[in-house]
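Breakdown of the fold
Below are the chains, spelled out letter by letter.
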Amino acid sequence: MRNKIAEKMLAFALTGALLGSLAGCGNSGAAASDAGEAGTQNAVENAEEKAEGQAEAVSGKEEEDGPYGRYPETVTLTRAQMTCAATQWENGDDETNNPWTRTALEEFNIRLEDAWAADGSQYAEKINLSIASQTLPDVFWVNANQFKQVTELGLVADLTQVYEQYASDTLKGIMDSDREAFESGKIDGKLMGISTQHFGVISQMNCVWIRDDWMQKLNLKAPETLEDVYEICRQFTQNDPDGNGVDDTYGLAVDKSLGSLYALMNSYHAYPKIWLNKEDGQIEYGVIQSEVRNALEAFQGLYTEGILSKEFAVADNAKMTEDLVSGKVGVAIWGSSFGYAPGIDVIKNNGEEAIFKSYALPSADAEAVKLAIDWPVGNYVVVNKNCQNPEAAIKMINLYTRVTNEGTAEEYNAFKNNERDWGAIPFQVQNPMADYNQYVEISAVQDSRDTSGLTPDQLGKYEHVIDWIDNKNPDSVGQYSQVSREGAYGVMKPFVDNEQYVRTAYKGVSTPTMVEKMSSLDAMRDEVFTKIIMGEDIGAFDEFVESWNSLGGEDITGEMNELYGN
Amino acid sequence: MKKSMGQKIFLAFNYAFLSLAGLLCLLPFINLLAVSLSSSSAVAAGSVSFVPKEFTLSSYQFVLHSSKFITAFFISLKRVLLGVGLNMILMICTAYPLSKGKKQLFAKPVYTWYFVITMLIGGGLIPTYLVIVKLRLIDTIWSLVLPGALPVYNMIILMNFFKSTPEELEEAAQIDGAGVWTTLWKVVLPISKPGLATVALFCIVSHWNSWFDGLIYMNNPRHYPLQSYLQTLVINPEQMLRISGGDYTKILAMVNARTGRAAQLFLGALPILMVYPFLQKYFSGGLLMGSVKG
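Read on for a plain summary of the structure.

Reading the values: the criteria
- Counting restarts for each chain, with residues numbered from 1 along the sequence as it is written.
- All chains are assigned letters beginning with A, and all ligands numbers beginning with 1, in the order in which they are written.
- At least 70 in pLDDT is required for a residue's local features to be given in this predicted model, at least 80 for side-chain atom pairs to be given and counted, and no such filter applies to totals for whole chains, interfaces and linings, which use all residues.
- Each side-chain value is worked out from all heavy atoms of the structure, with water and hydrogens disregarded.
- In this text, helices come from DSSP runs of H or I with a minimum length of four residues, and strands from runs of E with a minimum of two, each type numbered from the N-terminal end.
- With a 1.4 Å probe rolled over the protein chains alone, any residue whose accessible area is under 20% of its type maximum counts as buried; one over 50% counts as exposed, and the rest are partly exposed.
- Contacts are assigned to residue pairs that have any heavy atoms within 4.5 Å of one another.
- Note that patches include only residues with greater than 30% relative accessible area and no salt bridge, and the join distances are 9 Å for like charges and 5 Å for nonpolar side chains (Val, Leu, Ile, Met, Phe, Trp, Tyr).
- Shrake-Rupley sampling with a 1.4 Å probe provides the accessible areas, and residues are treated as covered by the protein chains on show and by no other component.
- Here, a salt bridge means any side-chain nitrogen of Lys or Arg that lies within 4 Å of a carboxyl oxygen of Asp or Glu.
- By the counting scheme adopted, Arg and Lys are positive, Glu and Asp are negative, and His together with the chain ends is not counted.
- Here the site of a charge means atom NZ of a Lys, CZ of an Arg, CG of an Asp or CD of a Glu.
- Strand pairing is assigned whenever DSSP detects at least two bridges linking the two strands.
- Definition of a polar contact: a pair of N or O atoms within 3.5 Å, with one able to donate and the other able to accept a hydrogen when the atoms are protein atoms, and with sequence-neighbouring residues admitted only if both atoms are side-chain atoms.
- The directions considered for the arc run from the helix axis to the C-beta atoms.
- Fitting a line to C-alpha atoms yields each axis, with helices limited to the stretch in contact; the angle taken between N-to-C directions then spans 0 to 180 degrees.
- Look down the strands so they point away from you; if the path from the first strand over the helix to the second goes clockwise, the crossover is right-handed.
- Pairing of aromatic rings covers Phe, Tyr and Trp, the last through its six-membered ring, and needs centres within 6.5 Å; plane angles under 30 degrees mean stacked, over 60 mean edge-to-face, and all others mean tilted.
- The criterion for a charge sitting over a ring is simple: Lys NZ or Arg CZ within 6 Å of the ring centre, and within 35 degrees of the ring normal.
- For this analysis, a nonpolar core means a set of buried residues of the types Ala, Val, Leu, Ile, Met, Phe, Trp, Tyr and Cys, connected via side-chain atoms within 4.5 Å.
- As a working rule, the residues Ala, Val, Leu, Ile, Met, Phe, Trp, Tyr, Cys and Pro are called nonpolar, Asp, Glu, Lys and Arg charged, and the rest polar, with Gly in that last group.

**A closer look at the overall build of chain A**
- Check the secondary structure of chain A and you find 21 helices and 15 strands.
- Relative to its full complement of 566 residues, chain A shows a buried share of 54%.
- Contacts in chain A between residues at least 24 apart in sequence constitute 75% of all its contacts with a sequence separation of at least 6.

Structural data, given as structure tokens:
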């Protein structure tokens, strides 16, 4: 107990100290900016000259130097590596000596050195510290806010030319599959950072998951409208779907974060957590739109009917999961990963019949549903402006995209399995089409079982899909409910194909007032919405919109329009 | 002595109440142990209370699976030995003079405030990091041991303890010709064992439990002390699905974050639990019993 208090006091003191120091940085930064600008200008010019000189030298040196060109002399590249404790290396390998580092040396004559390695949870913090202490390695990852910082400070190199010259076709294809994300790495037309891309909009989508054995027991049809979904919830609440004679089940899984209800709001054309590009060219936050009000009114009805748990306002994610796993609730609004967790535990506790099946999120009216999509890019690969060989970073990214997208099964296994691809950070760039293609390819060969056309990542998931179909192995239900023909991606694919989604106007860089006030505005949102759902008058929503605006929301909206508006 | 009825009833209630209070402290720990020994699906269903369900050691296997745990354990051990040794020396050397009166120590309030002010104002994360970098302590065990080598809060506890020791004993020693160091070493410290044991325990616990500095100051996960390493284990399984999107069913199969966390908490707390009984006797061994007569 003592310790807890001491810890809290320490945390408090540290936070205070950190805030103090940040404020200090801000002040001194402002004072120094005049003097610093000239210096930065010089540095940028120098870097440009250097880059030009290098390009000449490179093109003069070797004719065939391209995406996979080998250096005649060993080039050392220092990097900031992100590690994962669950990585299992083989044959005594470790973070500094593994298939990635060996291939870099053999194929390109690049010696990779760790300036430092940090666990994924601490990486951003370590980057902040490295920026502050001016000890940045040659290549590293930055998040959007850090990207803004390092480019403004002129710490990173312009990659426009080396990207054009050295990026492989695979890499360029990956960048083309989400142009907007790629473009976010450009500042004033210059490519300053390479977006690490993402797993595609499909991986962000939500759908309705319904417990199948309960559906069959109560003779219910697959839902087509939102009212159908609610009717199923109602039946699950009232008609004892588990057949134990006790009224202990309810319809829809919700926890105190209200996450599943926020996802469900898409059915009402409300997008409470993203920034919307309105028709008049203005950017507005989704939570204050009137559609949210309609959704809340409907949710209030669900609560009154007992379709939501009476305790949802105090249930954390673990408690909600517990209810799903122990068979208390039969409908969830969730992403495609539902089958992995909690899906596996659901099957283990309730048997194979208890599988949750996925259905498209239906619309509350005649207008088609669009799903909310958050800003997907987490990181940018950037190269230190003092690095002599910025093209080496591009070559390494080429290697990563080749192995993970076009590699043989053996290569894929050696380089990627058991989380070994973390060893390639910061050269990791994801293919936004990978998940989508997994579904397309795997569902196509599910019956014929002709695996000749599958890439290694598809083959890995395919084997689990077959394992579930043939053996009903609970550990394979995740892949089955995601990428099989009956899986969630099948439900979501039309949303991608028909562009039935709304992308946020926010691109990862937070505005000053956002940093300061967004979290308390979000807390207020959750609090007010919880009260409304539990029976408070819907007029509270209008009051909420007013206070949202006056407590900082208006300022943030203004800043957002300045930053991202046209 | 015979007890009256009222006394007996009081005693019965007292025992019952205290056992209940004791149980309240113990039960969460038993629950933790049960969770760590159960399968993740049983835990996810919320059916584990005090007896493990679907008994499995896989959480422990997960936590202990690589040589990393052993390496991290020894780094932690090294840290505690070095750190607590240094803490004790510096604390004693600071607390003893400060426990004396103004006449014996010139400008005592200045010294006292010099130390106390560090409790109130810290340098902040980034400036402290810069100092550590410039001193080239980064990525060494010293970065965990030297900052905070003098725990001021504990030093003040010790100082107050020294103040409460009888002046007469020291005077007697001085009359017998003992110098300052001899007095401290041969007279004050031996009668201060309870105080020393208390602050030593605080220091051991804080060194053993701290994880944040390890994550910040170490440039390689292989240099993490145990708690930093365990921290990375707990956070990551949840992150992994989002970052790697894929094939980590093997880990998920038996271990979810909750059983893994329970095993981690239990393993992490075990060494401290084992140290405690050895220090316990100093707490109960009566303060200054029989050292001054008359």
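**Examining a negative patch on the surface**
- A contiguous patch of negative charge, built from E297, E536, D537, E543 and E546 of chain A, is present on the exposed surface.
- Counting through the fold element by element, E546 of chain A comes out in helix α21 (residues 539-564).

**Brief notes about the pairing of strand β11 (residues 329-335) of chain A**
Residue and element names in this part refer to chain A.
- Of all seven residues in β11, seven are buried; the element is thus mostly enclosed.
- Where strand β7 (residues 206-211) and β11 come together, five bridges link them in antiparallel fashion. Opposite W209, over in β11, you have A332 as the bridge partner.
- The pairing of strand β8 (residues 250-252) with β11 spans two bridges and is classified as parallel. Within the sheet, the bridge partner assigned to Y250 lies in β11 and is V329.

**Thoughts on unusual backbone geometry**
Residue and element names in this part refer to chain A.
- At the junction of A341 and P342, the peptide bond is cis and its omega measures out at 10 degrees in the coordinates.
- A cis amide bond links I425 with the next residue in sequence, P426, at an omega value of 15 degrees.
- Relative to the helices and strands, P426 resides in the loop between α15 (409-416) and α16 (434-445).
- For N91, which is not glycine, the phi torsion reads 50 degrees and is therefore positive.

**Topic: the side chain of S76 of chain B**
All names here are of chain B.
- Mapped onto the fold, S76 is located in helix α4 (residues 67-98).
- A distance of 2.9 Å separates the side chain of S76 from the backbone nitrogen of L226, its partner in a polar contact.
- When sequence neighbours within four positions are dropped, the list of residues in contact with S76 reads W208, P225, L226 and Q227.

**Considerations on a nonpolar patch on the surface**
Residues and elements named next belong to chain B.
- Nonpolar side chains collect at one region of the surface, where W113, I117, M119, L120, I121 and Y153 lie side by side and expose about 680 Å² of accessible area between them.
- No other element matches the four residues that helix α5 (residues 108-120) contributes to the nonpolar patch.
- Note that I121 resides in the loop between α5 and α6 (125-134).
- By relative accessible area, I121 is classed as exposed at 60%.

**Here we look at α6 of chain B**
Residue and element names in this part refer to chain B.
- Among the residues of α6, L125, I126, Y129, I132 and V133 are the ones counted as buried. For α6, the angular spread of buried residues about the axis comes to 120 degrees, placing them on one side.
- Directly after α6, the chain includes R136, whose backbone phi takes a positive value near 60 degrees.

**Some thoughts on the sheet that holds β11 of chain A**
Residues and elements named next belong to chain A.
- Here we have four strands laid out as an open sheet, ordered β8-β11-β7-β12, and mixed in their pairing. Each edge of the sheet is formed by a strand with only one pairing partner; in this case those strands are β8 and β12 (356-359). Sheet twist, expressed as the mean angle between neighbouring strand axes with direction ignored, is 25 degrees.
- Of the strand pairs in this sheet, β7 and β12 are connected by four bridges, and their pairing is antiparallel.

**Considerations on the pairing of strand β2 (residues 110-119) of chain A**
Residues and elements named next belong to chain A.
- Inspection of the sheet shows strand β1 (residues 75-83) paired to β2 by nine bridges, in the parallel sense. By the bridge assignment for β2, T78 is matched with E113.
- A crossover connection joins β1 to the parallel β2 through helix α2 (residues 99-108); in handedness this β-α-β unit is right-handed.

**Things to note about the packing of aromatic side chains**
- Tallied over the entire structure, the rule returns 28 aromatic pairs over all chains.
- An angle of 75 degrees between the planes, with centres 6.3 Å apart, marks the rings of Y506 of chain A and Y564 of chain A as edge-to-face. Here Y506 of chain A is found in the loop between β15 (501-503) and α20 (512-533), whereas its partner Y564 of chain A is found in helix α21, with 58 residues between them in sequence.
- Judged by centre distance (5.8 Å) and plane angle (90 degrees), the rings of W211 of chain B and F212 of chain B are edge-to-face.
- On the basis of relative accessibility, which here comes to 31%, the residue W211 of chain B falls in the partly exposed class.
- One aromatic cluster is present, built from ring pairs that chain together W209, W334, F338 and F356 of chain A.
- Residue placement shows K310 of chain A over the ring face of Y303 of chain A; its charged tip is 4.5 Å from the ring centre.
- Over the ring of Y71 of chain A we find K395 of chain A, and its NZ or CZ is 4.0 Å from the ring centre.

**Considerations on the environment of Y217 of chain B**
- Looking at the secondary structure, you find Y217 of chain B in helix α12 (residues 212-217).
- In the structure, Y217 of chain B is positioned ten residues away from Q227 of chain B in sequence and 14 Å away in space, judged by C-alpha atoms.
- Sequence-distant contacts of Y217 of chain B, that is, excluding residues within four places in its chain, are made with K126 of chain A together with T128, Y129, I132, I138, D139 and S143 of chain B.

**Concerning the nonpolar core**
- The biggest cluster of nonpolar side chains holds 212 residues, and the ones touching the most others in it are I194, L252, W275, L296, F299 and F529 of chain A.
- It is α4 of chain B that provides the largest number of residues to this core, a total of ten residues.
- Residues contacting L252 of chain A, with those up to four places away along its chain left out, are C233, L261, L264, L302, I307, L308, S309, V329, V331, A332 and I333 of chain A.
- In terms of nonpolar packing, the next biggest core, distinct from the first, is built from ten residues, Y129, I132, L137 and I138 of chain B among them.

**Remarks on the packing of α5 of chain B against helix α8 (residues 152-164) of chain B**
Residues and elements named next belong to chain B.
- Packing of α5 against α8 leaves a shortest axis separation of 9 Å and a crossing angle of 145 degrees. Touching K108, F115, V116, T118 and M119 of α5 are V152, Y153, M155, I156 and K163, all from α8.
- Across the contact of α5 with α8, the residue classes break down as seven nonpolar, one polar and two charged.

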